[in-house]
Amino acid sequence: MRRGLLGALVGALLLTGCATGDGAVDVNNGGEFRFVQGTPAGEVIPSGERAAAPEFSGTLLDGGDFDSTELDGGIAVVNFWGSWCAPCRVESPEFQEVHAEVRDRGVQFLGVNVKDTDQLARAFEDSFGIEFPSLHDPRGEVALAFRDYPANAIPSTIVLDAQGRVAAVYTGAVAQEDLRAVLDLLMAEEG
């Protein structure tokens, strides 16, 4: 019995030693991702304080090319995700629901898959029925383009207004009601 307790104690200490504070996802200097605890709501940036989103490009998971200018002229949701990310497994199907509700109103969604193989990322999208496109960004280059915003946490979401400016930033999973609220606010700004 003593050996069993000792083994359990050693195992617990090893697991504790491997954890990063608050179980959060952040990119460190080595470019590795750690999980970040979700936030109940993100930061919505007042219209007069918004800055233009950076330009970026890459290859979509379906093999096509993508350029950020394709997001011009409409509201866009840019979500950074990975198949290995537990909060992404909750968030992604919810994003698909919101996408289905607002895509006919000119709101675009773009996923940015990081630290995955093409095969794992496509399997993730298939299993959750994700219909919006995703960039394959295994080295996190798109997150680096958004260096002025905390896009290096997984999941992270950046919402752009119709002028291509960063209007909201979420680190951690985004609740559907939070995403709907910011999209309603941005659509009202256009009206």
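The structure this text deals with has already been given above.
Residue numbers restart at each chain and count upward from 1, following the sequence in its written direction. This being a predicted model, a pLDDT of at least 70 is required before a residue's local features are given, and a value of 80 or more before pairs of side-chain atoms are given or counted; all residues contribute to the totals for chains, interfaces and linings. Computation of side-chain values covers all heavy atoms of the structure but excludes hydrogens and water.

Asks: Could you give an account of unusual backbone geometry, with specific residues and numbers?
Replies: With glycine set apart, most residues show a phi of negative sign, and most peptide bonds adopt trans. The residue Lys-115 is not glycine, and still its phi comes out positive at about 55°. Working definition: helices are DSSP H or I runs of at least four residues, strands are E runs of at least two. Numbering for both runs from the N terminus. Tracing the backbone through its elements, the reader meets Lys-115 in the loop between β5 (108-113) and α3 (118-128).

Asks: How would you explain the sheet that holds strand β2 (residues 57-60) if you had to name every residue and give the values?
Replies: Taken together, 8 strands build an open sheet; the order of strands is β1-β8-β7-β4-β5-β6-β2-β3 and the sheet is mixed. Bordering the open sheet on either side are β1 (43-44) and β3 (65-67), each of which pairs with just one other strand. Only strands joined by at least two bridges in the DSSP assignment are considered to pair. Pairing analysis gives 5 bridges linking strand β7 (residues 156-160) to strand β8 (residues 166-171), with the strands arranged antiparallel. Pairing of Leu-160 across the sheet is with Val-166, part of β8.

Asks: Talk me through α3; I want residue IDs and the actual numbers.
Replies: Along α3, the positions that sit buried rather than exposed are Ala-121, Phe-124 and Glu-125. Projected down its long axis, α3 shows its buried positions confined to an angular sector of 95°, all on one face. Exposed residues lying more than 90 degrees from the buried face of α3 are Gln-119, Asp-126 and Ser-127. Throughout, a contact is declared for two residues whenever any of their heavy atoms are within 4.5 Å. Check the buried side of α3 and you find it contacts β4 (76-81), α2 (86-102), β5 and β6 (134-136). Remark: exposure states derive from per-residue accessible area (1.4 Å probe, protein chains only) relative to the maximum for the residue type, with buried under 20%, exposed over 50%, and partly exposed in between. Note that the arc is defined by the directions from the helix axis to the C-beta atoms.

Asks: So what's going on with the state of the cysteines? Residues and values would help.
Replies: Each disulfide consists of a covalent bond between the sulfur atoms of two cysteine residues. Working definition: a disulfide is two cysteine sulfur atoms within 2.5 Å of each other. Per the stated rule, a full pass over the model turns up 1 disulfide. Through a disulfide, Cys-85 is tied to Cys-88; the S-S separation comes to 2.5 Å. When the S-S torsion is 80°, as for the bridge of Cys-85 with Cys-88, the disulfide is right-handed. Judged by relative accessible area, which is 0%, Cys-85 ranks as buried. Of the residues examined, Cys-88 reaches a relative accessible area of 0% and is grouped as buried.

Asks: Describe the packing of aromatic side chains, naming the residues involved and giving the relevant values.
Replies: A pair of Phe, Tyr and Trp rings is counted when the ring centres sit within 6.5 Å of each other, with Trp represented by its six-membered ring. The angle between the planes then sorts it: under 30 degrees is stacked, over 60 is edge-to-face, the rest tilted. Per the counting criterion, the structure on display carries 7 aromatic pairs. Measuring from ring centre to ring centre gives 4.7 Å for Trp-81 and Phe-124, while their planes differ by 20°; the resulting arrangement is stacked. Taken together, the positions of Trp-81 in strand β4 and Phe-124 in helix α3 put the pair 43 residues apart, joining distant regions of the chain. The burial state of Trp-81 is the same as that of Phe-124; both residues are buried. On the numbers, 4.8 Å between centres and 55° between planes, the contact of Phe-124 with Phe-128 is tilted. Taken as a pair, Phe-124 and Phe-128 lie in helix α3 at a separation of 4 residues, close to a single helical turn. With a relative accessible area of 6%, Phe-124 lands in the buried category. Each member of the aromatic cluster is reached from another via a ring pair, and the members are Phe-56, Phe-66, Phe-80 and Phe-146.

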